[in-house]
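Each chain, written out:
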Amino acid sequence: MKIIKNKPIPKTRSKFNELLSMKVGDCAEINSRQDFESAMNFLRKHFKIKTKQANKDFNNYVGLIWRVG
């Protein structure tokens, strides 16, 4: 075992990082319930959002996320 000094901590990368470029009023449409819930939890840490499940059908799921603040 060895000790390494001054090694930077790696930054985690989420598949939802591109959603951080949303401006107020922008909307993201997500077609998977699991991805919708994950994106919702990820974005809530960064800014205010509003969500809506447009279609709850398992095969044709559509979730919408708006940035409001």
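Everything here concerns the structure above.
Reading the values: the criteria
- Residues numbered from 1 in each chain as written.
- Predicted model: local features only at pLDDT ≥ 70, side-chain atom pairs only at ≥ 80, totals over all residues.
- Heavy atoms only, no water.
- Helix = DSSP H or I, 4+ residues; strand = E, 2+ residues; numbered from the N terminus.
- Buried < 20%, exposed > 50% of the residue type's maximum accessible area, 1.4 Å probe, protein only.
- Contact = heavy atoms within 4.5 Å.
- Pairing = 2+ DSSP bridges.
- Core = buried A, V, L, I, M, F, W, Y, C linked by side-chain atoms within 4.5 Å.
- Axes fitted to C-alpha atoms, helices over the stretch in contact; angles between N-to-C directions.
- Phe/Tyr/Trp six-rings, centres within 6.5 Å; stacked < 30°, edge-to-face > 60°.
- Lys NZ or Arg CZ within 6 Å of the ring centre and 35° of its normal.

*Asks:* What am I meant to see in the overall build of the protein chain here?
*Replies:* Along the protein chain, the regular secondary structure elements total one helix and three strands. Put simply, the protein chain runs from its N terminus to its C terminus through helices and strands in the order β-α-β-β. Taking the principal axes of the C-alpha coordinates as reference, the protein chain spans close to 55 × 30 × 15 Å. Looking at the 69 residues of the protein chain, the share that counts as buried comes to 26%. Contacts in the protein chain between residues far apart in sequence, at least 24 positions, make up 47% of those at least 6 positions apart.

*Asks:* What is the right way to look at the pairing of strand S2 (residues 49–55) in this model?
*Replies:* Each regular strand shows side chains that alternate between the opposite faces of the sheet. In this sheet, strand S3 (residues 62–67) lies alongside S2 in antiparallel orientation, the contact comprising six bridges. By the bridge assignment, Ile49 is partnered in S3 with Arg67. The hairpin turn running from S2 into S3, its antiparallel successor, is six residues long.

*Asks:* I would appreciate a short explanation of the pairing of S3 in the present structure.
*Replies:* Buried residues dominate S3, accounting for five of its six residues. Judged from the four bridges that link them, strand S1 (residues 27–30) and S3 form a sheet pairing that is antiparallel. Residue pairing across strands places Ala28 opposite Ile65, the latter belonging to S3.

*Asks:* Honestly, the nonpolar core in this entry has me stumped. Any pointers?
*Replies:* Core analysis: the largest hydrophobic core is formed by 14 residues, its most contacted members being Leu19, Phe36, Ala39, Leu43, Ile49 and Ile65. Elements represented by at least two residues in this core include exactly S1 and helix H1 (33–44). Among the elements that line this core, the one with the most residues is H1, at five residues.

*Asks:* Sorry, what's going on with the sheet that holds S1 here?
*Replies:* Strand-to-strand pairing in sheets goes through backbone hydrogen bonds, with the strands running parallel or antiparallel. Across the sheet, which stays open at both edges, the three strands sit in the order S1-S3-S2 with antiparallel pairing between neighbours. Looking along the sheet, the strands with just one partner apiece sit at the ends: S1 and S2. Strand-to-strand, the axes of this sheet are offset by a mean angle of 20 degrees, without reference to chain direction. Against the sheet, H1 makes contact with S1, S2 and S3, and its axis sits at roughly 170 degrees relative to S2, the strand it touches most.

*Asks:* What should I look at first to understand the packing of aromatic side chains in this one?
*Replies:* Two descriptors summarise a pair of aromatic rings, namely the distance from one centre to the other and the angle between the planes of the rings. A full pass over the atoms with the stated rule returns two aromatic pairs. Judged by centre distance (6.4 Å) and plane angle (40 degrees), the rings of Phe16 and Phe42 are tilted. Of this pair, Phe16 sits in the segment before S1 while Phe42 sits in helix H1, placing them 26 residues apart in sequence. Across the pair, exposure class does not vary: Phe16 and Phe42 are buried alike. Of note, Arg67 hangs over the ring of Phe47, and the distance from its end group to the ring centre comes to 4.0 Å.

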